[in-house]
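# Residue-level structure breakdown
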Amino acid sequence: MIDLAIVGAGPVGTLLAAEAARHGLAAVAFERRPEAGPGSRAVGVHATALAAMEASGATERLLADDHAVMRAGFRMILESAPGITVVGEAATGAQAVAEASRLRPDVICMDVQM
């Protein structure tokens, strides 16, 4: 059962989901845009959001993207923040589901088009 539905899966939505989980709520973040528009200012997870996630206790992440280069880039960004650990990677949606069940990460960074 979902306790909280979050519209927008950017850094703020991800942080909100992590905070909800820390307080025992089942949260899911939804992103409706398949890709950033030409006027989008979203450029990914920023250092301030990473620091806030770390403070919330959301320190273990699973990366799911069908492009290995993207996973490597996200891993580099996430692991540059103190206390952040990437606990797994997945190249397909099925792998992401299996790894999420096995690893139970705090946050899943997933390409919504997979």
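Computed from a predicted model, the values in this text were never measured in an experiment.

## Notes on the overall build of the chain
Tallying secondary structure elements over the chain gives four helices and five strands in all. For the chain, the succession of helices and strands along the chain, N to C, is β-α-β-α-β-α-β-α-β. Out of the 114 residues belonging to the chain, those deemed buried represent 25%. Of all intrachain contacts in the chain linking residues separated by at least 6 positions in sequence, the fraction that spans at least 24 positions is 60%.

## Structural notes on the sheet that holds strand S3 (residues 60–64)
With respect to topology, three strands assemble into an open sheet ordered S4-S3-S5, the strand pairing being parallel. Taken across any chain shown, the strands that pair with only one partner, and hence form the sheet edges, are strand S4 (85–90) and strand S5 (107–110). The mean inter-strand angle of the sheet, taken between neighbouring strand axes irrespective of direction, is 25 degrees. With four bridges connecting them, S3 and S5 associate as parallel partners. Note on S5: the bridge partner recorded for Arg-61 is Val-107.

## Considering helix H1 (residues 11–22)
Because each turn of an α-helix spans 3.6 residues, side chains separated by three or four positions in sequence point in the same direction. Compared with the 16 Å implied by 1.5 Å per residue over twelve residues, the 16 Å span of H1 between its first and last C-alpha is a close match. Burial in H1 covers these residues: Gly-13, Thr-14, Ala-17, Ala-18 and Ala-20. Buried residues of H1, seen end-on, are gathered within an arc of 160 degrees and therefore sit on one face of the element. Phi turns positive, to about 85 degrees, at Gly-24, one or two residues after H1.

## Structural notes on the confidence of the model for the chain
Chain-level statistics for the chain give a pLDDT mean of 77 and a share of 76% at 70 or above. Put simply, helix H2 (residues 47–56) is where the chain has its lowest mean pLDDT, 68, and S4 is where it has its highest, 89.

## A word on the environment of Leu-103
Mapped onto the elements, Leu-103 comes out in helix H4 (residues 93–103). Distance from Leu-103 to Gly-88, taken between C-alpha atoms, is 7.6 Å for residues 15 residues apart in sequence. Excluding anything up to four places from it in sequence, Leu-103 contacts Leu-62, Val-87 and Gly-88.

## A short note on the environment of Glu-99
With respect to the helices and strands, the residue Glu-99 is situated in helix H4. In sequence terms Glu-99 and Ala-64 are 35 residues apart; their C-alpha atoms lie 9.5 Å from each other. Setting aside residues up to four positions removed in sequence, Glu-99 forms contacts with Leu-62, Glu-89 and Arg-104.

## Quick look at unusual backbone geometry
In most cases, non-glycine residues show a negative phi, while peptide bonds are predominantly trans. Residues other than glycine seldom take positive phi values, yet Arg-104 does so here, at roughly 50 degrees. Mapping Arg-104 onto the fold places it in the loop between H4 and S5.

## Quick notes on a nonpolar patch on the surface
A cluster of nonpolar side chains, contributed by Met-70, Phe-74 and Ile-77, occupies part of the molecular surface with about 240 Å² of accessible area. Take Phe-74: it is sitting in helix H3 (residues 68–79). On the accessibility criterion, Phe-74 (32% relative accessible area) is partly exposed.

The rules behind the values
- Residues numbered from 1 in each chain as written.
- Predicted model: local features only at pLDDT ≥ 70, side-chain atom pairs only at ≥ 80, totals over all residues.
- Heavy atoms only, no water.
- Helix = DSSP H or I, 4+ residues; strand = E, 2+ residues; numbered from the N terminus.
- Buried < 20%, exposed > 50% of the residue type's maximum accessible area, 1.4 Å probe, protein only.
- Contact = heavy atoms within 4.5 Å.
- Pairing = 2+ DSSP bridges.
- Axes fitted to C-alpha atoms, helices over the stretch in contact; angles between N-to-C directions.
- Expected span 1.5 Å × (residues − 1).
- Arc of directions from axis to C-beta.
- pLDDT = per-residue confidence, 0-100.
- Patch = residues over 30% accessible without salt bridge, like charges linked within 9 Å, V, L, I, M, F, W, Y side chains within 5 Å.
- Areas by Shrake-Rupley, 256 points an atom, 1.4 Å probe, with all protein chains shown as cover.
- Salt bridge = Lys/Arg side-chain N within 4 Å of Asp/Glu carboxyl O.

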